[in-house]
Amino acid sequence: ACLGCGDGKIKTYPVTGQVLVGGEPADGAMVIFAPVSGSEKFMRERPWAETGGDGKFTLATFHKGDGAPAGEYNVAIRWPLKTKSPPAEQVIDERDMPRSFDRLRGRYMRPDRSGLTAVVEATTNELPPFELEAPPTRRRR
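Residues numbered from 1 in each chain as written. Predicted model: local features only at pLDDT ≥ 70, side-chain atom pairs only at ≥ 80, totals over all residues. Heavy atoms only, no water.

K.L.:
Hey, could you run me through the overall build of the protein chain in this one?
P.N.:
If you tally the helices and strands in the protein chain, you get one helix and eleven strands. From first element to last, N terminus to C terminus, the protein chain shows the α and β order β-β-β-α-β-β-β-β-β-β-β-β. Here the protein chain holds 141 residues, and the buried ones make up 38% of them. Of all intrachain contacts in the protein chain linking residues separated by at least 6 positions in sequence, the fraction that spans at least 24 positions is 65%. (Helix = DSSP H or I, 4+ residues; strand = E, 2+ residues; numbered from the N terminus. Buried < 20%, exposed > 50% of the residue type's maximum accessible area, 1.4 Å probe, protein only. Contact = heavy atoms within 4.5 Å.)

Next comes the structure, spelled out in structure tokens:
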């Protein structure tokens, strides 16, 4: 990754994409890019975005919409419920842990285990959609 014009920051490039769950847009999903390898400065960055109603996002590293440094990334996605408190019946994961604050039940929350990757080139980047499957739910008895 190259440095910016004398400001000490890594140069960023525009990055847009979309998150779909079961073919439908994921409104309000948090998308976080974690570098796979590179310089110490590059490895510290975590470009991120929140999807809109159409599931689309624009990454930010230092300020809104500035994109991400060029490189390879593992990607984490969390899709929180839009409520102030957990539902009365919480969704339970395979370890009997509540996942009420992530509609994807933690399946894509760890970039090193999500199975999602992206490459940011030193140009304008329009990524293919991240097409996710919602995990089956179990209700607490």
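There's more to say after this.
K.L.:
I tried to follow the sheet that holds strand β3 (residues 30-35) on my own but got confused; where do I start?
P.N.:
What links the strands of a sheet is backbone hydrogen bonding, and the strands pair in either a parallel or an antiparallel sense. Spatially, the four strands line up as an open sheet ordered β4-β3-β6-β8, and their pairing is antiparallel. Two strands bound the open sheet, and with one partner strand each, they are β4 (48-50) and β8 (116-120). For this sheet, the mean angle separating the axes of adjacent strands, direction not counted, is 30 degrees. (Pairing = 2+ DSSP bridges. Axes fitted to C-alpha atoms, helices over the stretch in contact; angles between N-to-C directions.)

K.L.:
Explain the packing of aromatic side chains to me, please; I cannot follow it from the model alone.
P.N.:
Aromatic rings in a pair are described by how distant their centres are and how their planes are angled relative to each other. Applying the stated criterion across every chain, the model contains four aromatic pairs. Ring centres of F33 and F130 lie 6.4 Å apart, and the angle between their planes is 80 degrees; this geometry places the pair in the edge-to-face category. Taken together, the residues F33 in strand β3 and F130 in strand β10 (residues 130-132) connect sequence positions 97 residues apart. The two residues F33 and F130 agree in class, both being buried. Measuring from ring centre to ring centre gives 6.4 Å for F57 and F130, while their planes differ by 15 degrees; the resulting arrangement is stacked. Residue F57 is located in strand β5 (residues 56-58), and its partner F130 is located in strand β10; the two are separated by 73 residues in the primary sequence. (Phe/Tyr/Trp six-rings, centres within 6.5 Å; stacked < 30°, edge-to-face > 60°.)

K.L.:
What is the right way to look at unusual backbone geometry in this model?
P.N.:
In most cases, non-glycine residues show a negative phi, while peptide bonds are predominantly trans. Phi at R105 is positive, roughly 55 degrees, even though this residue is not glycine. If you trace the backbone, R105 turns up in the loop between β7 (91-92) and β8.

K.L.:
How do you make sense of the environment of R110 when you look at a structure like this?
P.N.:
With respect to the helices and strands, the residue R110 is situated in the loop between β7 and β8. The class of R110 is partly exposed, set by a relative accessible area of 41%. On a C-alpha basis, the gap between R110 and I77 in space is 8.0 Å, while along the polypeptide they are 33 residues apart. A polar atom in the side chain of R110 sits 3.1 Å from the side chain of D112. (Polar contact = N/O pair within 3.5 Å; in protein donor to acceptor, adjacent residues only side chain to side chain.)

K.L.:
Please explain the nonpolar core as it appears in this structure.
P.N.:
Inside soluble globular proteins, nonpolar side chains tend to come together where they are buried. The biggest cluster of nonpolar side chains holds 25 residues, and the ones touching the most others in it are V19, F33, F57, V75, I77, F130 and L132. Elements represented by at least two residues in this core include exactly β1 (15-21), β3, β6 (71-78), β8 and β10. Residues contacting V19, with those up to four places away along its chain left out, are E24, P25, A26, V31, T51, G55, F57, I77, F130 and L132. (Core = buried A, V, L, I, M, F, W, Y, C linked by side-chain atoms within 4.5 Å.)

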